[in-house]
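Structural overview for review
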Amino acid sequence: MRDVSTSSWPVPTMGEPGALGRFGEYGGRYAPESLVEACREVEEAFREAWGDPGFRGALAELLALHAGRPTPLTPARRLSGELGVRLYLKREDLTHTGSHKINNVLGQALLAARMGRRRLIAETGAGQHGVATATAAALLGLEATVFMGERDIERQELNVFRMRMLGAEVVPVTTGSRTLKDATSEAMRHWVGVTGDTHYCVGSVVGPDPYPWMVREFQRVIGDEARAQCAAALPTGVPDQVVACVGGGSNAAGTFAGFADTQARLVGVEAAGGAGAARGRLGVLHGCRSLFLQDDDGQITQAHSIAPGLDYPGVGPEHAHLRDLGRARYVTVTDDEAVGAAIRLARTEGIVPALESAHALAWVIRAADAGELPAGSTVLMTLSGRGDKDISTLKELL
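Residues numbered from 1 in each chain as written. Predicted model: local features only at pLDDT ≥ 70, side-chain atom pairs only at ≥ 80, totals over all residues. Heavy atoms only, no water.

Digging into the packing of aromatic side chains
Following the criterion strictly, the structure yields 7 aromatic pairs and no others. Where Trp191 meets Tyr211, the ring centres are 6.3 Å apart and the plane angle is 75°; that geometry is what we call edge-to-face. Taken together, the residues span a long stretch of sequence, with Trp191 in helix H8 (residues 180–192) and Tyr211 in helix H9 (residues 211–233) at a distance of 20 residues. Residues Tyr200 and Tyr211 carry aromatic rings whose centres are separated by 6.3 Å and whose planes lie at 50° to one another, so their mutual orientation is tilted. In this pair, Tyr200 sits in strand S8 (residues 198–200) while Tyr211 sits in helix H9, placing the two residues 11 residues apart along the sequence. Across this residue pair, the class does not change: Tyr200 and Tyr211 are buried. Over the face of the ring belonging to Trp50 we find Arg56, whose NZ or CZ atom lies 3.7 Å from the ring centre. (Phe/Tyr/Trp six-rings, centres within 6.5 Å; stacked < 30°, edge-to-face > 60°. Helix = DSSP H or I, 4+ residues; strand = E, 2+ residues; numbered from the N terminus. Buried < 20%, exposed > 50% of the residue type's maximum accessible area, 1.4 Å probe, protein only. Lys NZ or Arg CZ within 6 Å of the ring centre and 35° of its normal.)

Next up, the structure:
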(Lines give C-alpha, C1' and ligand atoms only; values in the text may rest on other atoms or scores of the structure.)
Protein backbone atom coordinates (compact mmCIF):
# COMPACT_ATOMS: atom_id res chain seq x y z
CA MET A 1 0.00 0.00 0.00
CA ARG A 2 1.39 3.40 -0.95
CA ASP A 3 1.88 6.08 1.69
CA VAL A 4 -0.80 8.68 1.01
CA SER A 5 1.42 11.40 2.47
CA THR A 6 3.82 11.10 -0.46
CA SER A 7 1.40 10.13 -3.24
CA SER A 8 0.81 12.52 -6.13
CA TRP A 9 -2.81 13.03 -7.14
CA PRO A 10 -4.87 12.89 -9.24
CA VAL A 11 -4.83 9.23 -10.21
CA PRO A 12 -7.30 7.45 -12.52
CA THR A 13 -9.62 5.77 -10.00
CA MET A 14 -13.34 5.16 -9.54
CA GLY A 15 -14.26 4.46 -13.14
CA GLU A 16 -15.81 1.22 -14.38
CA PRO A 17 -14.46 -2.01 -12.91
CA GLY A 18 -12.05 -4.02 -15.01
CA ALA A 19 -12.43 -7.48 -16.46
CA LEU A 20 -14.74 -9.81 -14.52
CA GLY A 21 -16.06 -6.90 -12.49
CA ARG A 22 -12.79 -6.40 -10.60
CA PHE A 23 -11.30 -3.40 -8.83
CA GLY A 24 -7.69 -4.54 -8.81
CA GLU A 25 -7.81 -7.97 -7.19
CA TYR A 26 -11.19 -7.36 -5.55
CA GLY A 27 -14.79 -7.76 -6.69
CA GLY A 28 -15.99 -10.40 -9.13
CA ARG A 29 -19.14 -12.45 -9.24
CA TYR A 30 -19.00 -15.37 -6.79
CA ALA A 31 -22.52 -16.73 -6.80
CA PRO A 32 -24.64 -19.78 -7.67
CA GLU A 33 -25.24 -20.19 -11.41
CA SER A 34 -28.83 -18.96 -11.17
CA LEU A 35 -27.64 -15.74 -9.56
CA VAL A 36 -24.74 -15.36 -12.00
CA GLU A 37 -27.29 -15.21 -14.81
CA ALA A 38 -29.48 -12.81 -12.82
CA CYS A 39 -26.46 -10.55 -12.23
CA ARG A 40 -25.66 -10.62 -15.95
CA GLU A 41 -29.19 -9.44 -16.65
CA VAL A 42 -28.85 -6.64 -14.09
CA GLU A 43 -25.52 -5.56 -15.58
CA GLU A 44 -26.89 -5.49 -19.13
CA ALA A 45 -29.97 -3.57 -18.04
CA PHE A 46 -27.92 -1.09 -16.02
CA ARG A 47 -25.45 -0.41 -18.82
CA GLU A 48 -28.31 0.20 -21.23
CA ALA A 49 -30.24 2.39 -18.76
CA TRP A 50 -27.20 4.40 -17.64
CA GLY A 51 -26.53 5.27 -21.28
CA ASP A 52 -30.14 6.30 -21.86
CA PRO A 53 -30.81 10.04 -21.31
CA GLY A 54 -34.47 9.20 -20.69
CA PHE A 55 -33.61 6.95 -17.72
CA ARG A 56 -31.08 9.44 -16.34
CA GLY A 57 -33.63 12.23 -16.67
CA ALA A 58 -36.37 10.25 -14.92
CA LEU A 59 -34.00 9.45 -12.04
CA ALA A 60 -32.86 13.07 -11.75
CA GLU A 61 -36.49 14.17 -11.60
CA LEU A 62 -37.29 11.70 -8.81
CA LEU A 63 -34.18 12.72 -6.88
CA ALA A 64 -35.24 16.36 -7.11
CA LEU A 65 -39.00 16.14 -6.63
CA HIS A 66 -39.28 13.12 -4.34
CA ALA A 67 -35.95 12.88 -2.50
CA GLY A 68 -35.32 16.63 -2.24
CA ARG A 69 -31.97 16.95 -4.00
CA PRO A 70 -29.66 18.77 -4.07
CA THR A 71 -28.88 18.54 -0.37
CA PRO A 72 -27.12 21.55 1.15
CA LEU A 73 -23.49 21.95 2.16
CA THR A 74 -23.74 23.25 5.72
CA PRO A 75 -20.83 25.02 7.46
CA ALA A 76 -20.57 23.74 11.04
CA ARG A 77 -19.56 27.16 12.36
CA ARG A 78 -19.57 26.67 16.13
CA LEU A 79 -17.93 23.27 16.02
CA SER A 80 -15.39 24.54 13.49
CA GLY A 81 -14.46 27.30 15.91
CA GLU A 82 -13.90 24.80 18.68
CA LEU A 83 -11.82 22.48 16.50
CA GLY A 84 -9.79 25.09 14.64
CA VAL A 85 -10.73 23.71 11.21
CA ARG A 86 -13.40 24.62 8.69
CA LEU A 87 -15.89 21.77 8.75
CA TYR A 88 -18.61 21.47 6.11
CA LEU A 89 -21.39 18.87 6.29
CA LYS A 90 -22.93 17.32 3.17
CA ARG A 91 -26.47 16.94 4.48
CA GLU A 92 -27.77 13.56 3.31
CA ASP A 93 -29.82 13.52 6.52
CA LEU A 94 -32.12 16.05 4.85
CA THR A 95 -33.22 13.74 2.03
CA HIS A 96 -36.67 12.17 2.05
CA THR A 97 -36.47 9.08 4.34
CA GLY A 98 -33.52 10.66 6.19
CA SER A 99 -30.40 9.15 4.64
CA HIS A 100 -28.34 8.69 1.49
CA LYS A 101 -29.97 5.30 0.88
CA ILE A 102 -32.79 6.83 -1.17
CA ASN A 103 -30.34 7.83 -3.95
CA ASN A 104 -29.42 4.24 -4.74
CA VAL A 105 -32.86 2.77 -4.16
CA LEU A 106 -34.67 5.13 -6.52
CA GLY A 107 -32.14 4.18 -9.19
CA GLN A 108 -32.51 0.46 -8.64
CA ALA A 109 -36.30 0.62 -8.37
CA LEU A 110 -36.51 2.47 -11.70
CA LEU A 111 -34.18 -0.15 -13.18
CA ALA A 112 -36.31 -2.99 -11.79
CA ALA A 113 -39.45 -1.50 -13.33
CA ARG A 114 -37.61 -1.09 -16.63
CA MET A 115 -36.67 -4.80 -16.48
CA GLY A 116 -40.29 -5.80 -15.86
CA ARG A 117 -39.73 -6.89 -12.27
CA ARG A 118 -42.72 -6.47 -9.99
CA ARG A 119 -41.04 -7.02 -6.62
CA LEU A 120 -38.05 -5.70 -4.70
CA ILE A 121 -36.19 -7.51 -1.96
CA ALA A 122 -33.57 -5.91 0.26
CA GLU A 123 -31.44 -6.39 3.34
CA THR A 124 -31.13 -3.77 6.05
CA GLY A 125 -29.24 -3.19 9.29
CA ALA A 126 -29.97 0.33 10.50
CA GLY A 127 -33.32 0.16 8.74
CA GLN A 128 -32.70 3.16 6.47
CA HIS A 129 -32.15 1.05 3.35
CA GLY A 130 -35.27 -0.91 4.19
CA VAL A 131 -37.29 2.28 4.59
CA ALA A 132 -35.93 3.64 1.32
CA THR A 133 -36.78 0.38 -0.47
CA ALA A 134 -40.30 0.36 0.94
CA THR A 135 -40.69 4.01 -0.06
CA ALA A 136 -39.55 3.47 -3.66
CA ALA A 137 -41.73 0.37 -3.99
CA ALA A 138 -44.80 2.27 -2.83
CA LEU A 139 -43.98 5.14 -5.19
CA LEU A 140 -43.59 2.89 -8.25
CA GLY A 141 -46.29 0.34 -7.45
CA LEU A 142 -43.95 -2.55 -6.64
CA GLU A 143 -44.04 -5.12 -3.84
CA ALA A 144 -41.26 -5.05 -1.25
CA THR A 145 -39.81 -7.59 1.17
CA VAL A 146 -37.05 -6.55 3.56
CA PHE A 147 -34.82 -8.98 5.46
CA MET A 148 -33.62 -7.66 8.81
CA GLY A 149 -31.71 -9.28 11.65
CA GLU A 150 -33.75 -9.94 14.76
CA ARG A 151 -31.30 -7.94 16.87
CA ASP A 152 -31.56 -4.96 14.55
CA ILE A 153 -35.36 -5.18 14.60
CA GLU A 154 -35.16 -4.72 18.37
CA ARG A 155 -32.77 -1.76 18.01
CA GLN A 156 -34.65 -0.06 15.17
CA GLU A 157 -38.31 -0.36 16.12
CA LEU A 158 -39.24 2.97 14.52
CA ASN A 159 -37.83 2.04 11.11
CA VAL A 160 -39.53 -1.36 11.22
CA PHE A 161 -42.85 0.39 11.77
CA ARG A 162 -42.11 2.80 8.92
CA MET A 163 -41.40 -0.07 6.52
CA ARG A 164 -44.62 -1.85 7.43
CA MET A 165 -46.64 1.36 7.18
CA LEU A 166 -45.30 1.80 3.65
CA GLY A 167 -46.58 -1.67 2.77
CA ALA A 168 -43.40 -3.72 2.93
CA GLU A 169 -43.08 -7.15 4.48
CA VAL A 170 -40.31 -7.27 7.10
CA VAL A 171 -38.79 -10.74 7.53
CA PRO A 172 -36.88 -11.30 10.80
CA VAL A 173 -33.59 -13.18 10.40
CA THR A 174 -32.86 -15.33 13.42
CA THR A 175 -29.60 -17.02 12.37
CA GLY A 176 -26.01 -16.14 13.25
CA SER A 177 -25.46 -12.76 14.84
CA ARG A 178 -28.99 -11.69 13.78
CA THR A 179 -27.58 -8.50 12.24
CA LEU A 180 -26.72 -7.10 8.80
CA LYS A 181 -24.42 -9.90 7.61
CA ASP A 182 -27.08 -12.52 8.22
CA ALA A 183 -29.85 -10.39 6.71
CA THR A 184 -27.74 -10.08 3.55
CA SER A 185 -27.14 -13.84 3.42
CA GLU A 186 -30.84 -14.56 3.82
CA ALA A 187 -31.82 -12.06 1.11
CA MET A 188 -29.38 -13.64 -1.34
CA ARG A 189 -30.66 -17.15 -0.55
CA HIS A 190 -34.22 -15.98 -1.13
CA TRP A 191 -33.31 -14.34 -4.45
CA VAL A 192 -32.10 -17.68 -5.86
CA GLY A 193 -35.66 -18.94 -6.21
CA VAL A 194 -37.40 -15.76 -7.39
CA THR A 195 -35.08 -14.12 -9.95
CA GLY A 196 -37.75 -14.20 -12.66
CA ASP A 197 -39.96 -11.52 -11.14
CA THR A 198 -37.82 -10.05 -8.34
CA HIS A 199 -34.96 -7.58 -8.23
CA TYR A 200 -32.53 -7.71 -5.31
CA CYS A 201 -31.97 -4.09 -4.29
CA VAL A 202 -28.53 -4.31 -2.66
CA GLY A 203 -28.02 -1.48 -0.20
CA SER A 204 -24.27 -0.91 -0.34
CA VAL A 205 -21.22 -1.24 -2.58
CA VAL A 206 -20.98 -4.96 -1.84
CA GLY A 207 -22.19 -8.14 -3.48
CA PRO A 208 -21.52 -9.67 -6.88
CA ASP A 209 -20.73 -7.55 -9.94
CA PRO A 210 -22.33 -5.22 -11.06
CA TYR A 211 -23.65 -4.13 -7.64
CA PRO A 212 -20.51 -2.47 -6.20
CA TRP A 213 -20.13 -0.38 -9.36
CA MET A 214 -23.84 0.26 -9.91
CA VAL A 215 -24.55 1.33 -6.32
CA ARG A 216 -21.52 3.66 -6.39
CA GLU A 217 -22.78 5.26 -9.59
CA PHE A 218 -26.23 5.83 -8.07
CA GLN A 219 -24.55 7.36 -4.99
CA ARG A 220 -22.12 9.46 -7.06
CA VAL A 221 -24.71 12.25 -6.92
CA ILE A 222 -23.41 13.00 -3.40
CA GLY A 223 -19.85 13.57 -4.55
CA ASP A 224 -20.82 15.40 -7.73
CA GLU A 225 -23.03 17.84 -5.82
CA ALA A 226 -20.45 18.31 -3.07
CA ARG A 227 -17.70 18.96 -5.62
CA ALA A 228 -19.72 21.77 -7.21
CA GLN A 229 -20.74 23.17 -3.84
CA CYS A 230 -17.16 23.16 -2.56
CA ALA A 231 -16.03 24.91 -5.75
CA ALA A 232 -18.45 27.72 -4.92
CA ALA A 233 -17.83 27.84 -1.15
CA LEU A 234 -14.07 27.34 -0.76
CA PRO A 235 -11.31 29.65 -1.95
CA THR A 236 -9.30 26.59 -3.03
CA GLY A 237 -12.34 24.97 -4.63
CA VAL A 238 -11.51 21.59 -3.10
CA PRO A 239 -11.40 20.61 0.60
CA ASP A 240 -8.21 19.32 2.19
CA GLN A 241 -9.97 16.28 3.63
CA VAL A 242 -13.06 14.36 2.48
CA VAL A 243 -14.44 12.14 5.24
CA ALA A 244 -17.29 9.61 5.38
CA CYS A 245 -18.30 6.63 7.51
CA VAL A 246 -17.85 3.15 6.04
CA GLY A 247 -19.77 -0.05 6.68
CA GLY A 248 -20.13 -1.65 3.28
CA GLY A 249 -19.28 1.85 2.13
CA SER A 250 -21.88 3.32 -0.25
CA ASN A 251 -22.08 6.87 1.08
CA ALA A 252 -18.28 7.01 1.21
CA ALA A 253 -17.92 5.60 -2.32
CA GLY A 254 -20.42 8.11 -3.68
CA THR A 255 -18.66 10.97 -1.91
CA PHE A 256 -15.14 9.87 -2.85
CA ALA A 257 -16.15 9.52 -6.50
CA GLY A 258 -16.58 13.28 -6.70
CA PHE A 259 -13.06 13.96 -5.41
CA ALA A 260 -10.91 11.00 -6.51
CA ASP A 261 -9.28 13.05 -9.24
CA THR A 262 -8.39 15.96 -6.93
CA GLN A 263 -5.73 16.61 -4.30
CA ALA A 264 -8.23 16.02 -1.45
CA ARG A 265 -7.28 13.30 1.01
CA LEU A 266 -9.99 10.65 1.32
CA VAL A 267 -10.71 9.19 4.77
CA GLY A 268 -13.13 6.33 5.44
CA VAL A 269 -14.12 5.84 9.07
CA GLU A 270 -15.11 2.36 10.24
CA ALA A 271 -16.44 1.04 13.51
CA ALA A 272 -13.68 -0.34 15.73
CA GLY A 273 -15.65 -3.57 15.98
CA GLY A 274 -16.00 -3.88 12.22
CA ALA A 275 -13.06 -2.44 10.28
CA GLY A 276 -12.94 -4.61 7.17
CA ALA A 277 -10.69 -2.13 5.36
CA ALA A 278 -8.49 -1.38 8.36
CA ARG A 279 -8.09 -4.94 9.65
CA GLY A 280 -9.70 -7.34 7.22
CA ARG A 281 -8.08 -10.13 5.23
CA LEU A 282 -8.73 -11.28 1.68
CA GLY A 283 -11.78 -13.50 1.40
CA VAL A 284 -15.13 -14.06 -0.32
CA LEU A 285 -18.52 -13.21 1.14
CA HIS A 286 -21.91 -12.29 -0.34
CA GLY A 287 -20.75 -12.77 -3.90
CA CYS A 288 -17.53 -10.74 -3.99
CA ARG A 289 -13.85 -10.92 -3.14
CA SER A 290 -12.80 -8.25 -0.67
CA LEU A 291 -11.43 -7.65 2.83
CA PHE A 292 -13.32 -9.35 5.66
CA LEU A 293 -12.82 -10.03 9.35
CA GLN A 294 -11.80 -13.68 9.61
CA ASP A 295 -10.32 -16.15 12.05
CA ASP A 296 -7.20 -18.22 11.35
CA ASP A 297 -9.33 -20.83 9.56
CA GLY A 298 -10.77 -18.26 7.18
CA GLN A 299 -14.19 -18.21 8.84
CA ILE A 300 -15.97 -14.84 8.89
CA THR A 301 -16.00 -13.43 12.41
CA GLN A 302 -18.74 -11.34 13.97
CA ALA A 303 -18.57 -7.57 13.70
CA HIS A 304 -19.88 -5.20 16.35
CA SER A 305 -20.96 -1.58 16.29
CA ILE A 306 -23.42 0.54 18.21
CA ALA A 307 -24.40 1.78 14.73
CA PRO A 308 -26.33 -1.03 13.00
CA GLY A 309 -25.35 0.18 9.53
CA LEU A 310 -21.66 -0.34 10.35
CA ASP A 311 -22.21 -3.77 11.90
CA TYR A 312 -20.75 -5.58 8.87
CA PRO A 313 -17.58 -7.74 8.86
CA GLY A 314 -16.17 -6.45 5.59
CA VAL A 315 -15.96 -3.62 3.13
CA GLY A 316 -16.91 -3.10 -0.50
CA PRO A 317 -14.28 -4.24 -3.05
CA GLU A 318 -13.61 -0.77 -4.42
CA HIS A 319 -12.75 0.47 -0.93
CA ALA A 320 -10.29 -2.40 -0.57
CA HIS A 321 -8.77 -1.33 -3.88
CA LEU A 322 -8.58 2.34 -2.86
CA ARG A 323 -6.84 1.26 0.33
CA ASP A 324 -4.26 -0.74 -1.60
CA LEU A 325 -3.66 2.15 -4.00
CA GLY A 326 -3.11 4.44 -1.04
CA ARG A 327 -5.77 6.76 -2.48
CA ALA A 328 -7.97 6.44 0.59
CA ARG A 329 -7.08 5.94 4.23
CA TYR A 330 -9.29 3.89 6.55
CA VAL A 331 -9.41 4.51 10.30
CA THR A 332 -11.53 3.26 13.19
CA VAL A 333 -13.66 4.84 15.90
CA THR A 334 -15.09 3.30 19.08
CA ASP A 335 -18.73 3.25 20.17
CA ASP A 336 -18.00 5.75 22.96
CA GLU A 337 -16.28 8.17 20.58
CA ALA A 338 -19.24 8.01 18.19
CA VAL A 339 -21.78 8.68 20.93
CA GLY A 340 -19.69 11.60 22.18
CA ALA A 341 -19.50 13.04 18.66
CA ALA A 342 -23.27 12.74 18.19
CA ILE A 343 -23.88 14.66 21.41
CA ARG A 344 -21.35 17.32 20.48
CA LEU A 345 -22.87 17.95 17.05
CA ALA A 346 -26.33 18.17 18.59
CA ARG A 347 -25.20 20.74 21.15
CA THR A 348 -23.04 22.88 18.86
CA GLU A 349 -24.99 22.79 15.58
CA GLY A 350 -28.51 21.66 16.49
CA ILE A 351 -28.14 18.52 14.35
CA VAL A 352 -28.66 15.00 15.71
CA PRO A 353 -26.72 12.67 13.38
CA ALA A 354 -27.18 8.97 12.82
CA LEU A 355 -24.67 6.98 14.86
CA GLU A 356 -23.12 5.80 11.59
CA SER A 357 -22.36 9.40 10.58
CA ALA A 358 -21.19 10.18 14.11
CA HIS A 359 -18.26 7.81 13.53
CA ALA A 360 -16.97 10.06 10.76
CA LEU A 361 -17.39 13.14 12.95
CA ALA A 362 -15.63 11.42 15.86
CA TRP A 363 -12.53 10.95 13.72
CA VAL A 364 -12.59 14.61 12.64
CA ILE A 365 -12.78 15.67 16.29
CA ARG A 366 -9.99 13.31 17.31
CA ALA A 367 -7.75 14.31 14.41
CA ALA A 368 -8.30 18.03 15.02
CA ASP A 369 -7.61 17.70 18.75
CA ALA A 370 -4.41 15.72 18.04
CA GLY A 371 -3.13 18.25 15.52
CA GLU A 372 -3.41 15.74 12.69
CA LEU A 373 -5.64 18.24 10.89
CA PRO A 374 -3.69 21.49 10.55
CA ALA A 375 -5.36 24.62 11.92
CA GLY A 376 -7.51 26.26 9.28
CA SER A 377 -7.71 23.21 7.04
CA THR A 378 -10.98 22.46 5.28
CA VAL A 379 -12.90 19.25 5.91
CA LEU A 380 -15.91 17.97 3.99
CA MET A 381 -17.82 15.32 5.90
CA THR A 382 -20.82 13.45 4.54
CA LEU A 383 -23.51 13.37 7.19
CA SER A 384 -25.12 10.24 5.78
CA GLY A 385 -28.25 10.10 7.94
CA ARG A 386 -30.28 11.66 10.71
CA GLY A 387 -30.39 10.33 14.24
CA ASP A 388 -34.10 9.79 14.81
CA LYS A 389 -33.64 6.03 14.44
CA ASP A 390 -31.00 5.97 17.22
CA ILE A 391 -32.86 7.93 19.89
CA SER A 392 -33.82 4.83 21.89
CA THR A 393 -30.18 3.66 21.90
CA LEU A 394 -28.96 7.10 22.96
CA LYS A 395 -31.63 7.33 25.68
CA GLU A 396 -30.23 4.19 27.30
CA LEU A 397 -26.75 5.72 27.41
CA LEU A 398 -27.47 9.30 28.52
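Description of the nonpolar core
For soluble globular proteins, the rule of thumb is that nonpolar side chains tend to be buried together. Ranked by internal contacts, the top residues of the largest apolar core, which has 57 residues, are Leu106, Leu111, Met163, Trp191, Tyr200 and Tyr211. Per-element tally for this core: the top contributor is helix H1 (residues 33–50), with 8 residues. Residues within four places of Tyr200 in sequence aside, it is in contact with Gln108, Ile121, Ala122, Glu123, Thr184, Ala187, Met188, Trp191 and Tyr211. Counting residues in hydrophobic clusters, the runner-up holds 37 residues, among them Val269, Ile306, Ala358 and Ala360. (Core = buried A, V, L, I, M, F, W, Y, C linked by side-chain atoms within 4.5 Å. Contact = heavy atoms within 4.5 Å.)

Looking at the side chain of Gln294
Relative to the helices and strands, Gln294 resides in the loop between strand S12 (288–292) and helix H12 (317–325). For Gln294, a relative accessible area of 18% gives the class buried. Reaching out from Gln294, the side chain makes a polar contact with the backbone oxygen of Arg281 at a distance of 2.6 Å. The contacts of Gln294, once residues within four sequence positions are left out, are Arg281, Leu282, Gly283, Gln299, Ile300 and Thr301. (Polar contact = N/O pair within 3.5 Å; in protein donor to acceptor, adjacent residues only side chain to side chain.)

Re the state of the cysteines
Under the counting rule described, the total for this entry stands at 0 disulfides. Not engaged in a disulfide, the cysteine Cys230 finds its nearest cysteine sulfur in Cys245; these two sulfurs lie 17 Å apart. (Disulfide = S-S within 2.5 Å.)

Here we look at the pairing of strand S10 (residues 265–271)
Most of S10 is tucked away, with 6 of its 7 residues classed as buried. Following the backbone out of strand S9 (residues 241–245), through helix H10 (residues 250–257) and into the adjacent parallel S10, one traces a crossover that is right-handed. Sheet topology places S10 next to strand S13 (residues 328–333); 6 bridges connect them, and they run parallel. Bridge assignment links Leu266 to a residue of S13, and that residue is Ala328. (Right-handed = clockwise from strand over helix to strand, strands pointing away. Pairing = 2+ DSSP bridges.)

Digging into helix H4 (residues 101–114)
Helix length check: H4 (14 residues) gives 20 Å between terminal C-alpha atoms against 20 Å at 1.5 Å per residue, within 8%. Counting buried residues in H4 gives 12 out of 14 residues, a clear majority hidden from the surface. Positive phi appears at Gly116, one or two residues downstream of H4, with a value of about 85°. (Expected span 1.5 Å × (residues − 1).)

Focus on the pattern of salt bridges
Note on pairing: side chains with opposite charge can pair once their charged atoms come close. In the structure shown here, the tally under the stated rule is 33 salt bridges. Taking the shortest distance from any N to any O, the salt bridge between Glu318 and Arg216 comes out at 2.9 Å. Taken together, the positions of Glu318 in helix H12 and Arg216 in helix H9 put the pair 102 residues apart, joining distant regions of the chain. What emerges from the salt-bridge pattern is a single network uniting Glu16, Arg29, Glu43, Arg47 and Asp209. (Salt bridge = Lys/Arg side-chain N within 4 Å of Asp/Glu carboxyl O.)

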